[in-house]
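Here's the letter readout for the chains.
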Amino acid sequence: MTLSKLAKGSAGNRLGFFFYTADSDNSGSIDKAELMAMLFVLFRLGSRDDQSIASSVVARDKVATEIMSEADADRNGAIDVPELKAWIRRGSPHAKHCMELMEVFGNRFLQ
């Protein structure tokens, strides 16, 4: 997926980009370490509060733990595509915020 597709694309495009970018070992799932790395990138784009989370390993660990608790339905320590989609559909505050930051990321690419 190109970054221009991300910027102009649907929520599904952003979700796919998020997943396949976060899945750095190509295992087909996102573990907590991969999620923390992706949160670092996303939160650097957000508000001052987001940026302070990005710069704090403790804060990112807290958010990643909350997301894993919300999204990892089978409790195997990783989030696969169906779990990620279900988490987004449930509309948790973390899910909404991640999707908003993905849109910001895409829009900044086009500037």
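Calculation rules
Numbering of residues begins from 1 in every chain and follows the order in which that chain's sequence is written. The predicted origin of the model limits local features to residues at a pLDDT of at least 70 and limits the giving and counting of side-chain atom pairs to 80 or more, whereas totals for whole chains, interfaces and linings rest on all residues. As a convention, hydrogens and water are excluded, and side-chain values are obtained from all of the structure's heavy atoms. Residues belong to a common nonpolar core when they are buried Ala, Val, Leu, Ile, Met, Phe, Trp, Tyr or Cys residues joined through side-chain atoms within 4.5 Å. Type-normalised accessible area, obtained with a 1.4 Å probe on protein chains alone, sets the label of each residue: buried when under 20%, exposed when over 50%, and partly exposed for intermediate values. Secondary structure elements are defined from DSSP: runs of H or I of at least 4 residues count as helices, runs of E of at least 2 residues count as strands, and each element is numbered from the N terminus. Any two residues whose heavy atoms approach within 4.5 Å are treated as being in contact. Expected helix span is given by 1.5 Å per residue-to-residue step, counting one fewer step than there are residues. We define a polar contact as two N or O atoms separated by no more than 3.5 Å, with the added condition that, inside protein, one atom must be a possible hydrogen donor and the other a possible acceptor, whereas residues neighbouring each other in sequence contribute only through side-chain atom pairs. In this description, a line fitted to the C-alpha atoms serves as the axis of each element, helices being fitted only across the stretch in contact, and the angle between N-to-C directions of two axes falls anywhere from 0 to 180 degrees. For classification, angles of less than 35 degrees are called roughly parallel, those exceeding 145 degrees roughly antiparallel, those between 65 and 115 degrees roughly perpendicular, and all remaining angles oblique. By the definition used in this description, the sense in which the near helix is turned from the far one sets the handedness, with an anticlockwise turn below a right angle giving left-handed and a clockwise turn giving right-handed. Each residue receives one of three labels: charged for Asp, Glu, Lys and Arg, nonpolar for Ala, Val, Leu, Ile, Met, Phe, Trp, Tyr, Cys and Pro, and polar for the others, Gly being one of them. Every case where a carboxyl oxygen of Asp or Glu lies within 4 Å of a side-chain nitrogen of Lys or Arg is listed as a salt bridge.

Please clarify how the nonpolar core should be interpreted in this entry.
A general trend in soluble globular proteins is that nonpolar side chains are found buried together. Counting 26 residues, the largest nonpolar core has F18, L35, L39, I67, L84 and W87 as its most contacted members. Only α2 (11-22), α3 (32-43), α5 (57-71), α6 (81-90) and α7 (93-110) provide two or more residues apiece to this core. Considering each element in turn, this core owes the most residues, 6 residues, to α3. Beyond its immediate sequence surroundings of up to four residues, L84 is in contact with L15, F18, F19 and I79.

Just to check I follow, could you spell out α3 for this structure?
Since there are 3.6 residues in each turn of an α-helix, residues three or four apart along the chain are aligned in direction. The terminal C-alpha atoms of α3 lie 16 Å apart, and with 12 residues this matches the ideal 16 Å at 1.5 Å per residue to within 8%. For α3, the capping residue at the N-terminal end is D31, with a side-chain oxygen 3.2 Å from the backbone nitrogen of A33.

In this structure, what is going on with the packing of α3 against α5? I would like to understand it.
When two helices pack together, their arrangement is given by the angle between their axes and by how far apart the axes lie. It is the contact of α3 with α5, at a shortest axis distance of 9 Å, that shows an interaxial angle of 120°. Between α3 and α5, the interaxial angle falls into the category oblique. In this structure, α3 meets α5 at a crossing whose hand is right-handed. Residues K32, L35, M36, L39, F40 and F43 of α3 pack against V57, R60, D61, V63, A64, T65, I67 and M68 of α5. Each residue belonging to the contact of α3 with α5 can be placed in one class, and the counts come to 10 nonpolar, 1 polar and 3 charged.

Would you explain the side chain of S29 in this entry?
Tracing the backbone through its elements, the reader meets S29 in strand β1 (residues 29-31). Excluding anything up to four places from it in sequence, S29 contacts F19, D23, E34, A78, I79 and D80.

Mind showing me how you'd approach unusual backbone geometry here?
Residues other than glycine predominantly adopt negative phi, and peptide bonds predominantly adopt the trans conformation. Its identity is not glycine, yet N26 carries a phi of approximately 55°, on the positive side. Mapping N26 onto the fold places it in the loop between α2 and β1. On the accessibility criterion, N26 (66% relative accessible area) is exposed. With phi around 55°, R75 is a residue other than glycine that occupies positive phi space. Note that R75 resides in the loop between α5 and β2 (78-80).

It is not clear to me how the pattern of salt bridges should be interpreted in this structure. Could you clarify?
Any two side chains of opposite charge can pair if their charged atoms end up close together. Counting across every chain of the model gives 2 salt bridges. As a salt-bridge pair, D61 and K32 come within 2.8 Å of each other at their nearest N and O atoms. Here D61, found in helix α5, pairs with K32, found in helix α3; they are 29 residues apart in sequence, far enough to count as distant. What makes D61 partly exposed here is its relative accessible area of 31%. A salt bridge links K62 to E66; the shortest N-O distance between them is 2.6 Å. Within this pair, K62 and its partner E66 are both found in helix α5, separated by 4 residues, close to a single helical turn. In this structure K62 comes out as exposed when scored by relative accessible area, which is 52%. Its relative accessible area of 28% is what places E66 among the partly exposed residues.

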